[in-house]
Amino acid sequence: MYALGYASGQGSDLDQSGDQFVKLLLELRVVLLQDSALLMPRFPKLPLWKHPVFSHDDWSRFAEQVREAEAREEEPEHVLLARTQPLVASEIAALNRNLSGLVQHGTTVVSDAVKDLKSYLVAAINALTQQIAQNQAPQRLLLVPPEAVKESFLNESFGDMLSTTALTSRSPPARRPALDVPPATVAPGPSLESNTQARPVTEGWPIDPISPSMKSMAEVWQEWHHGLGGNPSVVELDKRFGNKWRYNSKIRQRCSIRKRLVVAAKEEASRRGVPVEDVISMMDKIKASDGHHLSPDKISRLLSGSNKQSLSSLL
Amino acid sequence: MPLKPDSVESGYVSPLCSLWEDQRTGGVSTYDHPRGPLVRAFMDDLKRARTELRRAAYEDRAIKNLKDGYNFDESRKFSEVLLNGLNGSEEWEKIFRTRIDLLSMHAMMLRSETMRYAELPDLCSLRLDNEGPHCLAVIQQITRGKTIRREDGGDNRKTNYHGYLRHRDVLACPVGALAQWFMYRWDLAGETPPDFRDRASWYGKKLTPASLTKPEVEISHSTQGAWVNRVFALVGIFVSALLHAPRKAVARWVDLQELPWDQVYVPFPFEALSTDTSADPSRRRVGQVINGNIIPSPLASIVHAVDGRFLSRESGAVSLETSHCGATAVITAPHLAVAG
């Protein structure tokens, strides 16, 4: 590179502008000669051509090179792109062929392996089946509630195979209010075979002891006193389990709503001196101001809260 | 001074406002700012009256309209008429000066005074590697100008940069025009080339001086316009504002080409130059056309063989001991020795 500064003995101050300007001139020398090769034939009268560089032996050869390069038509980019398309397509096709071969080979290998594995498994299962048939009867898993299990039965039937202590220790706690999942539905009495959903419990109440919805007051009354959907009635559950069967807040809330309706119906029947079934029937026919029937849930909300109304006013 | 809206604004209102600011700063004036509602109403009325007068006087409606300027085909003819001797005048100093003047204003969308103010130390070169191989840009730094706002550092407090690239068409290439102008000045016309040992000897030299005998003297606005007018007349261009024409024409062309504005935002250097070269796909840079491989290194050392006493290769491979003029040039290069 060029170093620019004052000549020796004339100071050490560097002139950056001068350095940059000299570099510009060095670039312009090339530009000038290249452009001159193209301008000279078109403008022969220009005084520039008097410069000795244009009469130098090398000039003609250089100018010819420049003119040849300029005359070469550069193809536009879209033409070059179009030319590359077949090459790209060819490469992609070759790639596809290679990939197809690889996939076919891989498929064959995997297929053979699967066949081998299948035959191995069939042979193993057959051998196992044969061994079981020869040696022992099939095993059955019995899940029974602890109260149905008598110590003597277990001792007589299974002897040293089972430990009653182990079974007892696996019983869940009597009540788990923190969990929404209720104890498994296992009715006391007959044992269930391989019931994976039910869990052996001592309590014996249903998972869903009370219906989530109330379609009519008749249904509410039915559920309260006689049971609904195979479930025992609320009255029966209360009688058998106290309040333990209301094992989570959701069930307790449902129960509270139904109790409010039932109590109100009984009070109204007593006040009117009519059978409670008549009041229930009348409650199913209560209509709102917009003409729609009031659902039991709506009636319950009207009967409670800060603006609560009496059932007689609704009827 | 004629009472036109523009002249009233620049000749009366603005000076009065400046005077008020000075007096207010000095605590002399307690009056409100002069540009109040009355002045605004007066100016509006003046403009309306002026418009009516123009219509009544059948003033040329093409003035300042969409086609008040030149198109790009016409711009290609600038160099042609100039290099053909400007219709026989063959005043080559003026011709080469006008060529770089016009092409620079065109490529960089400059105001005319920017070219009049330009001095040699304002120029430098830059290689733009991200624009491809051998992409040379000439950069012109500007510290003076009407449109450099005071808050942007006008009045020599801030430097703006403009520039241009090589053009594929040698006739439209401002880089080539600059090279030819310098060659003419220092290798042919006899102007003393810059002496880089003494800043005072060349820092004040104008890029387009009034005369090569006094390169420190700035060309006048009227002379600059007169030479541009001669070119326009020969090309057949009629414009209402001679020296405004280049940047207005380029701005319109940029708009018609739908070029992104950020490529032509004037204070940013490389964008302005892009308007004339890279942004137009039909044009290529000469450096690319000839692949940049044909670099005439021995020949190039003959041109602009500036004072070799302070310009030397560190490697010592080339020693340039020459004066600037071709007639007495003696170049010593590894493969070349020319006695002019």
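Use the structure listed above.
What comes next is a walk through the structure.

Conventions used here
- Residues numbered from 1 in each chain as written.
- Chains lettered and ligands numbered in written order.
- Predicted model: local features only at pLDDT ≥ 70, side-chain atom pairs only at ≥ 80, totals over all residues.
- Heavy atoms only, no water.
- Helix = DSSP H or I, 4+ residues; strand = E, 2+ residues; numbered from the N terminus.
- Buried < 20%, exposed > 50% of the residue type's maximum accessible area, 1.4 Å probe, protein only.
- Contact = heavy atoms within 4.5 Å.
- Areas by Shrake-Rupley, 256 points an atom, 1.4 Å probe, with all protein chains shown as cover.
- Pairing = 2+ DSSP bridges.
- Salt bridge = Lys/Arg side-chain N within 4 Å of Asp/Glu carboxyl O.
- Core = buried A, V, L, I, M, F, W, Y, C linked by side-chain atoms within 4.5 Å.
- Phe/Tyr/Trp six-rings, centres within 6.5 Å; stacked < 30°, edge-to-face > 60°.
- Polar contact = N/O pair within 3.5 Å; in protein donor to acceptor, adjacent residues only side chain to side chain.
- Axes fitted to C-alpha atoms, helices over the stretch in contact; angles between N-to-C directions.

1. Quick notes on the overall build of chain B
Then, number 1: Assigned secondary structure in chain B consists of twelve helices and eight strands.
Then, number 2: Looking at chain B as a whole, 49% of its 340 residues are labelled buried.
Then, number 3: Considering only residue pairs separated by 6 or more positions, chain B has 61% of its internal contacts joining residues 24 or more positions apart.
Then, number 4: Here chain B has roughly 16800 Å² of accessible surface; of this, 51% comes from carbon and sulfur atoms.

2. Concerning unusual backbone geometry
Residue and element names in this part refer to chain B.
Then, number 1: For Lys64, which is not glycine, the phi dihedral falls at a positive 65°.
Then, number 2: Considering the arrangement of structural elements, one finds Lys64 in the loop between helix 2 (37-56) and helix 3 (72-83).
Then, number 3: The backbone phi angle of Asn87 is positive, close to 60°, even though this residue is not glycine.

3. Regarding the pairing of strand 2 (residues 136-142) of chain B
Residue and element names in this part refer to chain B.
Then, number 1: Counting buried residues in strand 2 gives six out of seven residues, a clear majority hidden from the surface.
Then, number 2: Judged from the five bridges that link them, strand 1 (residues 123-127) and strand 2 form a sheet pairing that is antiparallel. Considered in strand 2, the bridge of Leu126 is made with Ala137.
Then, number 3: As paired strands, strand 2 and strand 3 (residues 160-165) are joined by six bridges and run antiparallel to one another. Its bridge partner being in strand 3, Ile142 is matched across the sheet by Asn160.

4. Focus on the pattern of salt bridges
Residues and elements named next belong to chain A.
Then, number 1: According to the stated counting rule, one finds 22 salt bridges over all chains in the structure shown.
Then, number 2: Here Glu236 makes a salt bridge to Arg240, at a shortest N to O gap of 3.9 Å. Placement of the pair is Glu236 and Arg240 together in helix 7 (residues 234-241), with a separation of four residues, close to one helical turn.
Then, number 3: On the basis of relative accessible area, Glu236 is assigned to the partly exposed category, the value being 36%.
Then, number 4: On the basis of relative accessible area, Arg240 is assigned to the partly exposed category, the value being 45%.
Then, number 5: Bridged by salt links that share partners, the residues Glu268, Arg271 and Arg272 form one connected network.

5. Section: the nonpolar core
Then, number 1: Within the largest apolar cluster, 73 residues are counted, with the highest numbers of intra-cluster contacts made by Phe21(A), Leu178(B), Phe182(B), Leu207(B) and Phe232(B).
Then, number 2: Here this core takes 13 residues from helix 1 (residues 16-42) of chain A, the largest share from any one element.
Then, number 3: Leaving out residues up to four positions away in the same chain, Leu178(B) has contacts with Leu24(A), Leu28(A), Ile100(B), Leu123(B), Val138(B), Tyr164(B) and Leu207(B).
Then, number 4: Listed in part, the 30 residues of the second largest apolar core include Met214(A), Trp221(A), Cys255(A) and Leu311(A).

6. A look at the packing of aromatic side chains
Then, number 1: The full count for this structure, using the stated rule, is 16 aromatic pairs over all chains.
Then, number 2: Measuring from ring centre to ring centre gives 4.8 Å for Phe54(A) and Trp59(A), while their planes differ by 80°; the resulting arrangement is edge-to-face.
Then, number 3: Between Tyr70(B) and Phe232(B), the aromatic rings sit 5.8 Å apart at their centres with planes inclined by 65°, giving edge-to-face as the arrangement. Of the two residues, Tyr70(B) is situated in the loop between helix 2 and helix 3 and Phe232(B) in helix 8 (residues 221-235); the sequence distance between them amounts to 162 residues. Each member of the pair Tyr70(B) and Phe232(B) is classed as buried.
Then, number 4: Linked through ring pairs, Phe21(A), Phe182(B), Trp186(B), Phe196(B), Trp202(B) and Tyr203(B) together constitute an aromatic cluster.

7. Topic: the environment of Asp290(A)
Then, number 1: With respect to the element layout, Asp290(A) can be found in the loop between helix 9 (276-284) and helix 10 (296-302).
Then, number 2: A polar contact of 3.2 Å, which involves the side chain of Asp290(A), links it to the backbone nitrogen of His292(A).

8. Topic: the sheet that holds strand 2 of chain B
All names here are of chain B.
Then, number 1: As summarised here, the arrangement of the three strands in space is 1-2-3, forming an open sheet in which the pairing is antiparallel. What marks the edges here is a single partner per strand, and that holds for strand 1 and strand 3. In this sheet, neighbouring strand axes are inclined to one another by 30° on average, regardless of whether the strands run parallel or antiparallel.
Then, number 2: The sheet strands contacting helix 4 (residues 92-108) are strand 2 and strand 3, and the helix crosses strand 3 at an angle near 105°.
Then, number 3: Each of strand 1, strand 2 and strand 3 is contacted by helix 6 (residues 174-188), which is oriented at about 95° to strand 3, the strand it contacts most.

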